[in-house]
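Chain and residue survey
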Amino acid sequence: MSGAPVLPAVPLQQRLAPSLARDWPRLPVAEARGTELITTDGRRYLDFCSGMATVNAGHNHPRVTAAARQQLERFIHGPLGVVFSEPLAKLAEELPRVMPGEKDMFFFSCSGSEAVEGAIKLARHVTGRPGLIAFTGGFHGRTLGAVSITTSKPKYRARYEPLLGGVYFAPFAYCYRCPFGKERLSCGLDCLEAVRRILGRVVHPSEVAAMILEPIQGEGGYVVPPREFITGLREICDHHDILLVFDEIQTGFGRTGDWFASQLFGVVPDVLAVAKAIASGFPLSAVCAHRDLMGKWTPGAHGTTFGGNPVAAAAAVATLEVMHREGLPARARRLGQQALARFRDLAGRAERLGDVRGEGLMIGLEFVQPGPDRRSDPDFCRRVRERCLERGVLLYPCGFDDHVIRFIPPLTVSEEHLEEGIAVLEEAVDGCR
Ligand SMILES: Cc1ncc(COP(=O)(O)O)c(C=O)c1O
């Protein structure tokens, strides 16, 4: 008998830091395939949060698992720089084909937060400027740099202050809750004016390295801004030589009906941070830019041990192949239009469903209390999600009060599963009081 200690059979929840163990609903998953999760007691759930937007190509796509398995047998780890791997070389060749503008140089890392850290460091390093403009309601991750530009909920920052200096927050174009009390289309884009005011009165533009935002906010409530907001930010950045950095960690890889939300808005960011769906659940992320910019990042100025791991890279190459082969961005657009139409009908009869918005298969349903004030209704949102879960559909919340449902099935979701998910959600909204 080996002398290895046997772990007492305490529930995993008791061994995890409460900072994440108390999340919801803690399903004990034994297997996953496509849109389905099978729990250890044999129940089937439809995963309509896609492993938090990581499995756009579905859980355990056979082509992805085969590619990862093959690389696993060859060699697992570098580290990058000391050794190069074939899958990573292939990935670096494939990524520019789907990215906005000419992104032909990459810094690979493991998590979304790390990619955001990398983007901040790159921007400061190459411009020699300290300032960053971020946007209210944005979410960029949990590490100290990423959380310094995050304001989607105060709890993410509480007790960690002081955070990174030189960060200035501008209002995001959350039109359903316009920070200036205006209505969409007749507003004159006061939110762009607010950015100009910051640059005119608060911080000198020559002190600002980058403007960093999610082109469609995720954790902050699936907030889709008007196109003019995004194009206007591009113009302001061009005018002042400020880098425009898009965090497409959640919006990337087909989710919004194009490869990236950048393309949807017709705007090319200078720097792109990507992660999540890039490798179908293997930890991989990247800071992406043109070589004219990233080439100025001097040797040793940034580094990683696990970034660009060969197994994750093999999974990423296979994920991209699947996305091309199955036309997943276009599929997301088509299925997203169907789902949006259904949810808009639903909003017409459900007074607590205040707003439905989205692009592709990134759809948010915002719940509010009855009355003209649009007061958030997190309680109703929770009851809807619990009812869906009882009927086997997993949906996760977002928004400043967790009062928005994110509807993000895998882009490979079958028409039958999509119909099942929509019908369960409709029934839950209609049935909850
Ligand atoms: C837009 C965005 N940026 C950054 C992150 C952080 O990524 P990670 O949790 O992999 O560090 C997330 C995660 O949800 C995200 O949605």
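Residues numbered from 1 in each chain as written. Predicted model: local features only at pLDDT ≥ 70, side-chain atom pairs only at ≥ 80, totals over all residues.

What follows deals with the overall build of the chain. Scanning the chain from terminus to terminus reveals 14 helices and 15 strands. For a compact globule of 433 residues, the expected C-alpha radius of gyration is about 22 Å, and the chain comes in at 22 Å, within 12% of that figure. The dimensions of the chain, computed from C-alpha atoms along their principal axes, are 65 × 55 × 45 Å. For the chain, buried positions account for 49% of its 433 residues. For the chain, restricting intrachain contacts to residue pairs at least 6 apart in sequence, the fraction spanning at least 24 positions comes to 73%. (Helix = DSSP H or I, 4+ residues; strand = E, 2+ residues; numbered from the N terminus. Rg over C-alpha atoms; globule rule 2.2 N^0.38 Å. Buried ≥ 20, exposed ≤ 12 C-beta atoms within 10 Å, placed from the backbone. Contact = placed C-beta atoms within 7 Å.)

Read across the sheet, four strands follow the order β11-β12-β15-β14 without closing on themselves; strand pairing throughout is antiparallel. Each edge of the open sheet carries a strand with a single partner, namely β11 (353–359) and β14 (396–398). Across the sheet, the mean angle separating the axes of adjacent strands is 30 degrees when strand polarity is ignored. Relative to strand β15 (residues 404–407), β14 is paired through three bridges, and the arrangement is antiparallel. (Pairing = 2+ DSSP bridges. Axes fitted to C-alpha atoms, helices over the stretch in contact; angles between N-to-C directions.)

When the domains of the chain are assigned, the result is domain 1 (12–60 + 327–431) and domain 2 (63–325). Each of domain 1 and domain 2 has a C-alpha centre, and the two are 24 Å apart. Residue-level contacts link 29 residues of domain 1 with 32 residues of domain 2. Looking at the side of domain 1 that touches domain 2, the elements that each hand over two or more residues are α2 (50–53), α12 (328–349), β11, β12 (362–367) and β15. Per element, the largest residue contribution to the side of domain 1 that touches domain 2 is five residues, and it comes from α12. Considering only residue class, the side of domain 1 that touches domain 2 consists of 13 nonpolar, nine polar and seven charged. (Domains from an automatic or database assignment. Nonpolar A, V, L, I, M, F, W, Y, C, P; charged D, E, K, R; others polar.)

Bringing the nonpolar core into the picture now. In this structure, A119, V245 and V287 are the most contacted members of the largest nonpolar core, which totals 124 residues. Per element, the largest residue contribution to this core is 11 residues, and it comes from helix α11 (residues 310–325). For A119, the contacting residues outside a window of four places in its chain are I212, V245, V271, A273 and V287. (Core = buried A, V, L, I, M, F, W, Y, C linked by C-beta atoms within 7 Å.)

Another aspect to go through is the environment of G308. Positionally, G308 belongs in the loop between α10 (291–294) and α11. Note: C-alpha distance between G308 and F84 (224 residues apart in sequence) is 9.2 Å. Excluding residues within four positions of it along the chain, G308 makes contact with L80, L88, F108 and A313.

This paragraph deals with the sheet that holds strand β7 (residues 208–213). Paired through their backbone hydrogen bonds, the strands of a sheet run either parallel or antiparallel. Across the sheet, which stays open at both edges, the seven strands sit in the order β4-β10-β9-β8-β7-β5-β6 with mixed pairing between neighbours. Across the chains shown, the open sheet's two edge strands, defined by having one partner strand only, are β4 (105–109) and β6 (167–170). Each strand of the sheet is rotated relative to its neighbour by a mean of 20 degrees, with strand direction disregarded. The pairing of β7 with strand β8 (residues 243–247) spans four bridges and is parallel. Each bridged residue has a counterpart across the sheet, and for A210 the counterpart in β8 is L243. On the sheet, helix α8 (residues 227–240) packs against β7 and β8 and is oriented at approximately 145 degrees with respect to β8.

Here the focus is the environment of A318. Looking at where A318 falls in the secondary structure, it is placed in helix α11. Residues A318 and A57 lie 261 residues apart in sequence; the distance between their C-alpha atoms is 9.9 Å.

This part is about unusual backbone geometry. Following W24, the chain continues into P25 via a peptide bond in cis, with omega recorded as 0 degrees. Within the secondary structure, P25 is located in the loop between α1 (18–21) and β1 (29–33). Backbone torsion omega between E161 and P162 reads 0 degrees, so that peptide bond is classified as cis. Here P162 lies in the loop between α6 (144–148) and β6. Positive phi is not limited to glycine here, since R159 has a value of about 70 degrees. Looking at the secondary structure, you find R159 in the loop between α6 and β6. Taking the number of C-beta atoms within 10 Å as the measure of exposure, R159 has 5 and is therefore exposed. The phi dihedral of F253 is positive, around 55 degrees, even though this residue is not glycine.

Moving on, we get to the packing of helix α4 (residues 86–98) against α11. Relative to each other, α4 and α11 sit at 35 degrees, their axes nearing to 9 Å. Handedness of the α4/α11 crossing: left-handed. Residues P87, L88, K90, L91, E94 and V98 of α4 lie in contact with α11, whose contacting residues are P310, A313, A314, A316, V317 and L320. Of the residues assigned to the contact of α4 with α11, the class counts are 10 nonpolar, no polar and two charged. (Left-handed = near helix turned anticlockwise from the far one by under 90°.)

Let's shift gears to the packing of helix α13 (residues 378–390) against helix α14 (residues 415–431). Two elements in contact, α13 and α14, have axes separated by 9 Å at closest approach and are oriented at 135 degrees. Taken together, the axes of α13 and α14 lie oblique to each other. Considering only the axes of α13 and α14, their crossing is right-handed. Across the interface between the two elements, V384, R387 and C388 of α13 pack against V424, L425, A428, V429 and G431 of α14. Of the residues contributing to the contact of α13 with α14, the split by class is six nonpolar, one polar and one charged. (Parallel < 35°, antiparallel > 145°, perpendicular 65-115°, else oblique.)

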